[in-house]
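Overview (structure and organization)
These are the residues of each chain, in order.
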Amino acid sequence: MIYYENLFDANSKFFREFREKFEQVINSGWFILGNEVKNFENEFASYHNVKNCIGVASGLDALTLSLSASSIPENSEVIVPSNTYIATILSILHAKLKPVLVEPDIRTYNINPAKIEEKISASTKAIMVVHLYGKSCDMDPIAELCKKYNLILIEDCAQSHGAKYKGKLTGTFGDFGAFSFYPTKNLGALGDAGAVITNNDIYSDRLRKLRNYGSSKKYYNELIGYNSRLDEIQAALLSIKLKYLDQINTHKRKLAKIYSDNLKDDFIKPAIDDNYFDVYHIYNIRHPKRDKLKEYLLKHEIMTEIHYPVPPHKQKALEGILSGEYPIAEEIHNTTLSLPCSFGHSYDDIYRVVEVINKF
Ligand SMILES: *Cc1c(COP(=O)(O)O)cnc(C)c1O
């Protein structure tokens, strides 16, 4: 069986270092907001060449706390892609703001910059972009619009650790870069974890308070905060893995290249463009008989996933909240299939998948 993702295989290379570090953290007797969190924050900030990194409990919290820290007035509108994981939309709702959906570009699956301006109103205060599947959004026109309309820019980088646009890392274009370290992400912890990066010291200071009950001095609370702290143990393990992030991305890019070079053109493959350094959090193809293809692959012992089967505007939880028609998002959701493309997979695994798919 070729698994879609096997987190044992994806992490086993790091187990020796993990065990050593684990022992060290246990022996330190310090488990929340200590040196390990500080170290990881410094390392992650310096990987991105930004001033501040704030560790939080999850990717969803990284997004929600970024919106809170930006002090956008309640009920303001936030532009967001119609084709994303539900967490992006939920963060806007949790921050008491209104999501306004913009359709993706069918080639890249990311928000279509040409369709943003028509959705900007007097109430629009921010754009939240998502670098889906590990490909950066087309950032130049988006940054331009943010400048023109004085909008806060938040980047959902949950799938794009290390991805670049014109040589610049995702997460460094906006006011906030929000990351998830959920175990399957390109930089994954052994549990839930997240972080925000920002060059703005005021936002950084607010985020530090917001994640810890709105407090910077114990038992003195300045903001209506959350409990959303990054654990020492996760920070310690993330510091180890961050050293290998580029290696993980290189491996995933090699697997993706095997697919892209060898899969028949019957399958719509991810767009490859100059100026984009994609990290393939997900390697997806599209096919009109997606469900049959998935079934066929499973019969041949190849597991796949669908990211995602139901778009946000069709989710029961968001009924009556997200209005409008989003045919491009639906087309993607109806035809997309994610193929095995993990740090735990070998080139042979991928050649095997290619061989089987090409006979469909
Ligand atoms: C994973 C993911 C999130 C949420 O991250 P969690 O750590 O699970 O809260 C947000 N946005 C996108 C695009 C994601 O893929």
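What counts, and at which threshold
Residues numbered from 1 in each chain as written. Predicted model: local features only at pLDDT ≥ 70, side-chain atom pairs only at ≥ 80, totals over all residues. Heavy atoms only, no water. Near = heavy atom within 4 Å. Polar contact = N/O pair within 3.5 Å; in protein donor to acceptor, adjacent residues only side chain to side chain. Helix = DSSP H or I, 4+ residues; strand = E, 2+ residues; numbered from the N terminus. Nonpolar A, V, L, I, M, F, W, Y, C, P; charged D, E, K, R; others polar. UniProt positions renumbered as here; feature names shortened; annotations may be inferred. Contact = heavy atoms within 4.5 Å. Buried < 20%, exposed > 50% of the residue type's maximum accessible area, 1.4 Å probe, protein only. Phe/Tyr/Trp six-rings, centres within 6.5 Å; stacked < 30°, edge-to-face > 60°. Lys NZ or Arg CZ within 6 Å of the ring centre and 35° of its normal. Pairing = 2+ DSSP bridges.

**Brief notes about the site of the ligand**
Taken together, 13 residues lie around the ligand, and Gly 59, Asp 156, Gln 159, Ser 180 and Lys 185 are the ones closest in. Within the backbone of Gly 59, an N or O atom sits 2.8 Å from an oxygen atom of the ligand. A distance of 2.7 Å separates an oxygen atom of the ligand from a polar side-chain atom of Ser 180. The set of elements that each furnish at least two residues to the shell around the ligand consists of α4 (59-69) and α5 (86-94). Of the residues in the shell around the ligand, the class split is 6 nonpolar, 5 polar and 2 charged.

**Observations regarding the UniProt feature "modified residue: N6-(pyridoxal phosphate)lysine" (unreviewed entry) in the chain**
UniProt tags Lys 185 as "modified residue: N6-(pyridoxal phosphate)lysine" (unreviewed entry). By the secondary structure assignment, Lys 185 is in the loop between β8 (176-180) and β9 (194-198). With near-sequence residues (within four places) excluded, Lys 185 lies in contact with Ala 158, His 161, Ser 180 and His 281.

**Focus: the side chain of Asn 284**
Mapping Asn 284 onto the fold places it in strand β13 (residues 283-286). By relative accessible area, which is 1% here, Asn 284 ends up buried. At a separation of 2.8 Å, a polar atom in the side chain of Asn 284 contacts the side chain of Thr 336. Beyond its immediate stretch of four places on either side in the chain, Asn 284 contacts Tyr 109, Tyr 133, Ile 268, Lys 269, Pro 270, Thr 336, Leu 337 and Ser 338.

**Digging into the packing of aromatic side chains**
Here the distance between the centres and the angle between the planes together describe a pair of aromatic rings. If you walk through the whole model with that rule in mind, you get 17 aromatic pairs. Ring plane angle 85° and centroid distance 4.9 Å describe the contact between Phe 44 and Phe 179, whose orientation is recorded as edge-to-face. Here Phe 179 lies in strand β8 and Phe 44 lies in helix α3 (residues 35-48), a separation of 135 residues in the sequence. Put simply, the rings of Phe 8, Phe 14, Phe 15, Phe 18, Tyr 244 and Phe 343 pair up and form one aromatic cluster. The side chain of Lys 164 reaches across the aromatic face of Phe 277, ending 5.1 Å from its centre.

**A word on the environment of Asp 138**
For Asp 138, the position within the fold is in the loop between β4 (124-130) and α6 (139-149). Residues contacting Asp 138, with those up to four places away along its chain left out, are Pro 113, Tyr 165 and Tyr 276.

**Comments concerning the sheet that holds strand β6 (residues 164-165)**
Read across the sheet, 3 strands follow the order β7-β6-β12 without closing on themselves; strand pairing throughout is antiparallel. The two strands at the open ends of the sheet, each matched to only one other strand, are β7 (168-169) and β12 (276-277). As paired elements, β6 and β12 share 2 bridges and run antiparallel to each other. When the sheet's bridge partners are listed, Lys 164 is paired in β12 with Phe 277.

**A closer look at unusual backbone geometry**
Of note, the amide linkage connecting His 307 to Tyr 308 takes the cis form, showing an omega dihedral of 10°. If you trace the backbone, Tyr 308 turns up in the loop between α10 (290-299) and α11 (327-335). Within the chain, Asn 75 stands out as a residue other than glycine whose phi angle is a positive 70°. Considering the arrangement of structural elements, one finds Asn 75 in the loop between α4 and β2 (77-81). For Asn 75, a relative accessible area of 49% puts it in the partly exposed group. Although it is not a glycine, Tyr 219 sits at a positive phi angle of roughly 75°. Examined against the element boundaries, Tyr 219 turns out to sit in the loop between β10 (215-217) and β11 (220-221).

**Quick notes on the pairing of β9**
Taking burial as the measure, the 5 residues of β9 include 5 buried ones, the bulk of the element. By the alternation rule, side chains of β9 split into Gly 194, Val 196 and Thr 198 and Ala 195 and Ile 197, which are all buried. Relative to β9, strand β1 (residues 52-56) runs antiparallel, the two being bridged by 5 bridges. What sits directly across from Cys 53, in β9, is Ile 197. The pairing of β8 with β9 spans 4 bridges and is antiparallel.

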